[in-house]
Amino acid sequence: MKYFILYLIIINIITFFLYGLDKRLAIQHERRIKEATLLLSFPLLGGTIGAMAGMVIFHHKTKKAYFKIGLTIILILQIVLCIYIKLKGFN
């Protein structure tokens, strides 16, 4: 279980910094990180909290409803999955 928590911490930190990097690239008018990577890849791997924090801290993608809704749905599904796993007793 502690390895899973460590994994979640790391993936969320990486996702958070990806949002910061993409914001900086946007400001500098440079090539950006794909939206699919920001919205799906890393959040689906467990980085949803990092993505949401990155949106708020860096004021990035906050006007895109599909980012807000998509990340919220992913987070809800992850919470439900964690509850299910906890109730079923999978370790």
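What counts and how
- Here the residue index of a chain counts from 1 through its sequence in written order.
- Local features in a predicted model are, by the rule used here, given only for residues with pLDDT of at least 70; side-chain atom pairs are given and counted only at 80 or more, and totals for whole chains, interfaces and linings are based on all residues.
- Note that the side-chain values use all heavy atoms of the structure and ignore hydrogens as well as water.
- Elements are defined by DSSP. Helices are runs of H or I of four residues or more, strands are runs of E of two residues or more, and each kind is numbered from the N terminus.
- Given the number of residues in a helix, its expected span is that number minus one, multiplied by 1.5 Å.
- Think of it in three bands: with a 1.4 Å probe and only protein chains considered, a residue is buried below 20% of the maximum accessible area for its type, exposed above 50%, and partly exposed in between.
- Pairs of residues are marked as contacts when any of their non-hydrogen atoms sit within 4.5 Å.
- Only C-alpha atoms enter the line fits that serve as axes; for helices the fit covers just the stretch in contact. Angles between N-to-C directions range over 0 to 180 degrees.
- Angle categories: roughly parallel below 35 degrees, roughly antiparallel above 145, roughly perpendicular from 65 to 115, and oblique for all the rest.
- Residue classes follow a fixed rule: Ala, Val, Leu, Ile, Met, Phe, Trp, Tyr, Cys and Pro count as nonpolar, while Asp, Glu, Lys and Arg count as charged, and any other residue, Gly among them, counts as polar.
- Put simply, a salt bridge is a Lys or Arg side-chain nitrogen that is within 4 Å of an Asp or Glu carboxyl oxygen.

A. View of helix H1 (residues 2–27). With 26 residues, H1 ought to run about 38 Å at 1.5 Å a step, and its terminal C-alpha atoms sit 38 Å apart, in line with that. Taken residue by residue, H1 has Ile11, Asn12, Thr15, Leu18, Tyr19, Gly20, Asp22 and Leu25 as its buried positions. Packed against the buried residues of H1 are helix H2 (35–58) and helix H3 (65–88). Among the residues trailing H1, His29 stands out with phi positive, at a value near 55 degrees.

B. How the structure looks around the packing of H2 against H3. Interaxial distance between H2 and H3 falls to 9 Å at its minimum, and their mutual angle equals 85 degrees. With respect to their mutual orientation, H2 and H3 come out roughly perpendicular. When H2 is examined against H3, the residues Glu35, Leu38, Leu39, Leu40, Pro43, Leu44, Gly46, Thr48, Ile49, Ala51, Met52 and Met55 are found in contact with a partner set consisting of Tyr66, Phe67, Lys68, Gly70, Leu71, Thr72, Ile74, Leu75 and Gln78. When the residues that make up the contact of H2 with H3 are grouped by side-chain class, the tally is 14 nonpolar, 5 polar and 2 charged.

C. Spatial organisation of the pattern of salt bridges. Across all of its chains, the model carries 3 salt bridges by this definition. For Arg32, the salt bridge goes to Asp22, with nearest N and O atoms at 3.0 Å. Separated by 10 residues along the polypeptide, Arg32 in the loop between H1 and H2 and Asp22 in helix H1 bring together distant segments of the chain. Overall, Arg32 belongs to the partly exposed group, its relative accessible area being 36%. Here Glu35 makes a salt bridge to Lys64, at a shortest N to O gap of 3.3 Å. Note that Glu35 is positioned in helix H2 and Lys64 in the loop between H2 and H3, a separation of 29 residues in sequence.

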